[in-house]
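Breakdown of the fold
Letter by letter, the chains look like this.
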Amino acid sequence: MSERTLRSLSPKDAAEILGISVRDEARGKRILSLPNGMDELIAALDSPRAQEDMRIRRRSRVTGMTADGTGWKIQPQNRNDHAAWLLVVALPRQQATRLLLPVLHELRDLHVAPAPLSSVSVSLAFSRFDVEHPLQASGFVIAREDRVPEQGGLLACSCSSSKLPGRAPAGRVLLRAFYRPDGTCPISTNDGIWVRRALEDLALTLGIHGRPARSWVARWPNAFSRNDRDLRVSAERLAGALCHRRHIQLAGSALFGAGVLPAMESGPGCAPTPGDPGGVC
């Protein structure tokens with residue numbers, strides 16, 4: 001990767017380059033996260049205290065579902081059927097359609113949204129003295145015309161230790177490079193190659209010297225929804241087809257747009273109303 005020229009971008013412009021949907025009222029606001037990362041939410045749900053009020057079944061794939069009076073009966077793989085009063089479907093678009101289609105025939109003619117994209121993130125930790133750039137920004141994105149997608153080209157870099165407090169100890173910086181695996185650099189490429197690629201891509205732009213103190217590679221297969229009109233239309237039609245159905249909701253960024261905010265705001269459109277045991281849209 002040759003040296004790049006960095007220029008300031010508004011949150012709106014950066015989001016559009018990355019294909020992330022950002023509402024007008026959210027633009028310009030600071031990026032927020034949990035103190036110990038999003039994994040803190042999962043840890044809280046899995047805590048003994050939380051388990052007093054609910055039960056989480058890990059690695060329990062649902063293979064089918066049927067309407068059951070006022071609710072649903074789901075068929076987990078290798079487990080007994082489970083009755084549910086309210087069913088929240090938070091699956092990738094294609095998986096959600098496959099699960100719902102046998103019992104909701106009105107979905108049969110829905111347009112099939114584009115296949116989701118995969119993502120690889122490479123996190124690199126450095127001594128602050130090994131990075132010349134002041135890193136007084138949340139990160140940078142690569143202009144579309146400069147990307148090399150057939151070689152797993154760099155999409156963006158997040159200056160994690162500048163963007164969010166507590167992401168690195170004093171005297172250290174944490175950078176996270178994002179890639180769209182494809183062509184000659186598939187998602188299964190070993191960690192060493194991803195780390196070497198990220199170091200080469202970031203070194204000239206940020207003035208990095210030496211090797212990272214630590215590195216981490218995370219793979220997210222088929223996890224990034226394409227933020228385009230086909231996806232939005234498909235999700236709207238899917239939600240509309242379910243709107244007259246009681247006891248079922250759709251949720252998740254895979255259906256409603258990439259990012260934490262769309263996932264948080266999805267789902268309640270068909271929530272039960274006070275005094276209504278079934279819930280309506």
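Everything below is about the structure shown above.
Section: the packing of aromatic side chains
When we look at a pair of aromatic rings, we describe it by the centre distance and by the angle of the planes. As enumerated under the stated definition, the model contains 1 aromatic pair in all. Considering the side-chain rings of tyrosine 179 and tryptophan 194, the 5.3 Å spacing of their centres and the 50° angle between planes classify their relative orientation as tilted. With tyrosine 179 in strand 8 (residues 172–179) and tryptophan 194 in helix 6 (residues 191–206), the pair connects residues that are 15 residues apart, well separated along the chain. By relative accessible area, which is 0% here, tryptophan 194 ends up buried.

Focus: the environment of lysine 163
Mapped onto the fold, lysine 163 is located in helix 5 (residues 160–163). In this structure the C-alpha to C-alpha distance between lysine 163 and serine 33, which are 130 residues apart in sequence, comes to 10.0 Å. A polar contact is formed between the side chain of lysine 163 and the side chain of serine 158, at a distance of 2.8 Å.

Structural notes on unusual backbone geometry
A positive phi is found at leucine 135, a non-glycine position, where the angle reads about 55°. Looking at the element boundaries, leucine 135 is found in the loop between strand 5 (117–127) and strand 6 (139–141). Its relative accessible area of 3% is what places leucine 135 among the buried residues.

Details of the pairing of strand 1 (residues 62–68)
As paired elements, strand 1 and strand 2 (residues 71–76) share 6 bridges and run antiparallel to each other. The partner of valine 62 across the bridge, within strand 2, is proline 76. The loop that links strand 1 with its antiparallel partner strand 2 comprises 2 residues; one of these, glycine 69, has a positive phi angle of about 65°.

Structural notes on the sheet that holds strand 8
Strand order in the open sheet made by the 5 strands is 6-7-8-5-9, with antiparallel pairing throughout. In this open sheet, the two edge strands, each paired with only one partner strand, are strand 6 and strand 9 (214–224). The sheet shows a mean angle of 20° between the axes of neighbouring strands, direction not considered. Summarising the sheet, strand 5 and strand 9 pair through 8 bridges and their orientation is antiparallel. Note that in strand 9 the partner of alanine 125 across the bridge is arginine 214. Across the sheet, helix 6 touches strand 5, strand 6, strand 7 (154–158), strand 8 and strand 9, and the angle it forms with strand 5 is around 65°.

Rules used throughout
- Residues numbered from 1 in each chain as written.
- Predicted model: local features only at pLDDT ≥ 70, side-chain atom pairs only at ≥ 80, totals over all residues.
- Heavy atoms only, no water.
- Phe/Tyr/Trp six-rings, centres within 6.5 Å; stacked < 30°, edge-to-face > 60°.
- Helix = DSSP H or I, 4+ residues; strand = E, 2+ residues; numbered from the N terminus.
- Buried < 20%, exposed > 50% of the residue type's maximum accessible area, 1.4 Å probe, protein only.
- Polar contact = N/O pair within 3.5 Å; in protein donor to acceptor, adjacent residues only side chain to side chain.
- Pairing = 2+ DSSP bridges.
- Axes fitted to C-alpha atoms, helices over the stretch in contact; angles between N-to-C directions.
- Contact = heavy atoms within 4.5 Å.

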